[in-house]
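Residue strings, one per chain:
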Amino acid sequence: MAAVCGGLAELRSAGRRLEAAQPAGHSTAEPRLSPWVPEVRQRRVLTAAATRRSLLQLAVCASAARSGRVSAATFQAPSVSFLPPASSTAAPREEPVRTVAPKPHTGPTVFVQATGRIVAIGDIHGDLQKALACLEMAGVLAEDGGHIKWVGGDTVVVQLGDVLDRGDCEIGSVLLLRELDRQARQEGGAVYMLNGNHESLNVAGDFRYVTPGAFFESARAAGLSEADIAAGDQRRILQARWYLYQPGGAMARELAKNPTVLVVNNIVFAHGGLLPHHLKYGLQRINDEVAAWMNGTTLPDGSQAAPPFPAMGDSNSVQWNRTFGKERVSDYERMHMNMQLRATLEALNARAMVVGHTPQMSGVNCECDGRVWRVDAGMSSGVLDAAPQVLEFSVDEEDRLVARMLRQSMYGVESARRVYPHPEPTPVPEPPRPSSPSPMDAGAHSFA
């Protein structure tokens, strides 16, 4: 109570000093009243505002009079004032335009361009022999003196993810694709490998689908000796795999280079599929956040980067959803699939989407008039052990997009093609027509 009384006394004394310092004959110009508010009410509002403003000034003066309470270094005026602004005849100061620099992305880029063919390869799942057969069938791989050689020129190869699990040669398959990418970029081509749900499972420490051969491969890559592996110490072998695949580990950092979503020219690639709500979240944001999580990035607040929910959180995520992968669907599911697909492709101005994730009993196939392709043929020996199959996109002499399916059989390589028509031009909206004159217009007869 004594502190409150002392504060009021300081306010009164500060008020007397302000009144004594005011020059004689000083009159405050009365602000202009608004024509939309009653005059009496407007006067009351302005008087109350002036009173509150005077009290705020007095409080600041009283605080400044006490030494050590407020100084120029510690007191800062609030950036937002809850009091009505004082009336002034001065012209408003023009605020400078503030521009926010775009945040540079830290993960793999989403949109890339290709000048040649585009080849899509489905889930490999640790089957190195099937991976080699697919690349050779696509015409991008040859053997040169016992070494692999890129012969695809400016072709761009996109592997749809799930290189890990269910097979014994996981790291070998990753190294194969990396070496081909290095050679392809020297000739204007590229080899991309997407991150699928099984890549994310391993970085998260879920090794349910790892085969014994893959455990031994990762243990050898982690530095365990042949004697340690032969001893069968499962605890050490498991620790060796976690050492490689944990966020920030050697294999996790290698997988962080893979995009989760990739758009090559006008073709969209995603392991499970892309839905409209993924676009709202941001495709580059998804790639950046997945890469940050796999790299073991520490955020500014000191926490570790977490995997983004739209990428791998549930059955509607990019890596896990099967909206476009079901071979047998009801009429309602097909209608829902068409609506989701049309909205996504139109937003990206794309012609088709390519997905993996769901093994297709009939092999590589398309749905929705060729707007979505399913390329997970289950060719790994740990899945369906189906024949190697690939999907190829190219442009013919008439500048039309052509999709060609290649499948290895006992009679050679079988192929089937689909030609896309030229996209229809966007209709130009007609200018509004002038309406006919109303009987109530000036100069018209009235029937009132």
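Conventions adopted
Residues numbered from 1 in each chain as written. Predicted model: local features only at pLDDT ≥ 70, side-chain atom pairs only at ≥ 80, totals over all residues. Heavy atoms only, no water. Pairing = 2+ DSSP bridges. Helix = DSSP H or I, 4+ residues; strand = E, 2+ residues; numbered from the N terminus. Axes fitted to C-alpha atoms, helices over the stretch in contact; angles between N-to-C directions. Contact = heavy atoms within 4.5 Å. Phe/Tyr/Trp six-rings, centres within 6.5 Å; stacked < 30°, edge-to-face > 60°. Buried < 20%, exposed > 50% of the residue type's maximum accessible area, 1.4 Å probe, protein only. Lys NZ or Arg CZ within 6 Å of the ring centre and 35° of its normal. Salt bridge = Lys/Arg side-chain N within 4 Å of Asp/Glu carboxyl O. Expected span 1.5 Å × (residues − 1). Arc of directions from axis to C-beta.

## Quick word on the sheet that holds strand 12 (residues 389–395)
(1) Moving on: In spatial order, the strands read 6-5-2-12-13-14; together these 6 strands make up an open sheet with mixed pairing. Each edge of the open sheet is held by one strand with a lone partner, namely strand 6 (190–193) and strand 14 (412–419). Within this sheet the neighbouring strands show an average axis-to-axis angle of 20°, counted without direction.
(2) Moving on: Where strand 12 and strand 13 (residues 401–409) come together, 7 bridges link them in antiparallel fashion. Directly across from Phe 393, in strand 13, lies its bridge partner Ala 403.
(3) Moving on: Strand contacts of helix 3 (residues 128–137): strand 2 (118–121), strand 5 (156–159), strand 12, strand 13 and strand 14, with the helix running at about 25° to strand 12, the strand carrying the most contacts.
(4) Moving on: The strands that helix 4 (residues 170–185) touches are strand 5 and strand 6; relative to strand 6, the one it contacts most, it runs at about 150°.

## Regarding the packing of aromatic side chains
(1) Moving on: The tally for this structure, following the rule as stated, stands at 2 aromatic pairs.
(2) Moving on: Plain terms: the ring middles of Phe 207 and Phe 215 are 6.3 Å apart, the flat faces sit at 90° to each other, and that makes the pair edge-to-face. Considered together, Phe 207 and Phe 215 belong to a single accessibility category, that of buried residues.
(3) Moving on: Relative to Phe 393, the ring of Trp 373 has its centre 6.5 Å away and its plane inclined at 90°; by these criteria the two rings are edge-to-face. A residue pair is termed long-range when its members are at least 10 positions apart, and Trp 373 in strand 11 (residues 372–374) and Phe 393 in strand 12 qualify at 20 residues.
(4) Moving on: What makes Trp 373 buried here is its relative accessible area of 1%.
(5) Moving on: Owing to a relative accessible area of 2%, Phe 393 belongs among the buried residues under this scheme.
(6) Moving on: Here the basic side chain of Arg 241 rests over the ring of Phe 207, its NZ or CZ set 5.4 Å away from the ring centre.
(7) Moving on: The side chain of Arg 241 reaches across the aromatic face of Phe 215, ending 5.7 Å from its centre.

## Focus on the side chain of Arg 241
(1) Moving on: By the element assignment, Arg 241 lies in helix 8 (residues 234–245).
(2) Moving on: Each residue touching Arg 241, except ones within four places of it in the same chain, is listed here: Asp 165, Glu 170, Asn 202, Phe 207, Val 210, Ala 214, Phe 215 and Ser 218.

## Regarding the packing of helix 4 against helix 6 (residues 212–222)
(1) Moving on: The interhelical angle for the contact between helix 4 and helix 6, taken along N-to-C directions, is 65°, at an axis separation of 8 Å. Across the interface between the two elements, Glu 170, Ile 171 and Gly 172 from helix 4 touch Ala 214, Glu 217, Ser 218 and Ala 221 from helix 6.

## Some remarks on the sheet that holds strand 7 (residues 261–264)
(1) Moving on: Across the sheet, 6 strands lie side by side as 1-7-8-9-11-10; this open sheet has mixed pairing. The strands lining the two open edges of the sheet, one partner per strand, are strand 1 (111–112) and strand 10 (365–367).
(2) Moving on: Inspection of the sheet shows strand 10 paired to strand 11 by 3 bridges, in the antiparallel sense. Along strand 11, the bridge assignment pairs Asn 365 with Arg 374.
(3) Moving on: On the sheet, helix 13 (residues 331–348) packs against strand 1, strand 8 (267–270), strand 9 (352–355), strand 10 and strand 11 and is oriented at approximately 115° with respect to strand 9.

## Examining the environment of Asn 266
(1) Moving on: Mapped onto the elements, Asn 266 comes out in the loop between strand 7 and strand 8.
(2) Moving on: Residue Asn 266 is classed as partly exposed on the basis of its relative accessible area, which comes to 25%.
(3) Moving on: Apart from residues lying up to four places away in sequence, Asn 266 is in contact with Asn 349, Ala 350, Arg 351 and Ala 352.

## Overview of the pattern of salt bridges
(1) Moving on: Tallied over the entire structure, the rule returns 16 salt bridges.
(2) Moving on: For Glu 170, the salt bridge goes to Arg 241, with nearest N and O atoms at 2.9 Å. Taken together, the positions of Glu 170 in helix 4 and Arg 241 in helix 8 put the pair 71 residues apart, joining distant regions of the chain. Each member of the pair, Glu 170 together with Arg 241, is buried.
(3) Moving on: One salt bridge connects Asp 181 with Arg 185, and the closest N-O pair in it is separated by 3.0 Å. Of this pair, Asp 181 and Arg 185 both sit in helix 4, 4 residues apart, which is roughly one turn of that helix.

## Observations concerning helix 8
(1) Moving on: In this model, helix 8 (12 residues) spans 17 Å end to end at C-alpha, consistent with the 16 Å of a helix rising 1.5 Å per residue.
(2) Moving on: Residues of helix 8 that are buried include every one of Ile 237, Ala 240, Arg 241, Leu 244 and Tyr 245, and no others. The buried residues of helix 8 occupy an angular sector of 120° when projected down its axis, which confines them to one face. Opposite the packed face of helix 8, turned more than 90 degrees from it, sit the exposed residues Arg 235 and Tyr 243.

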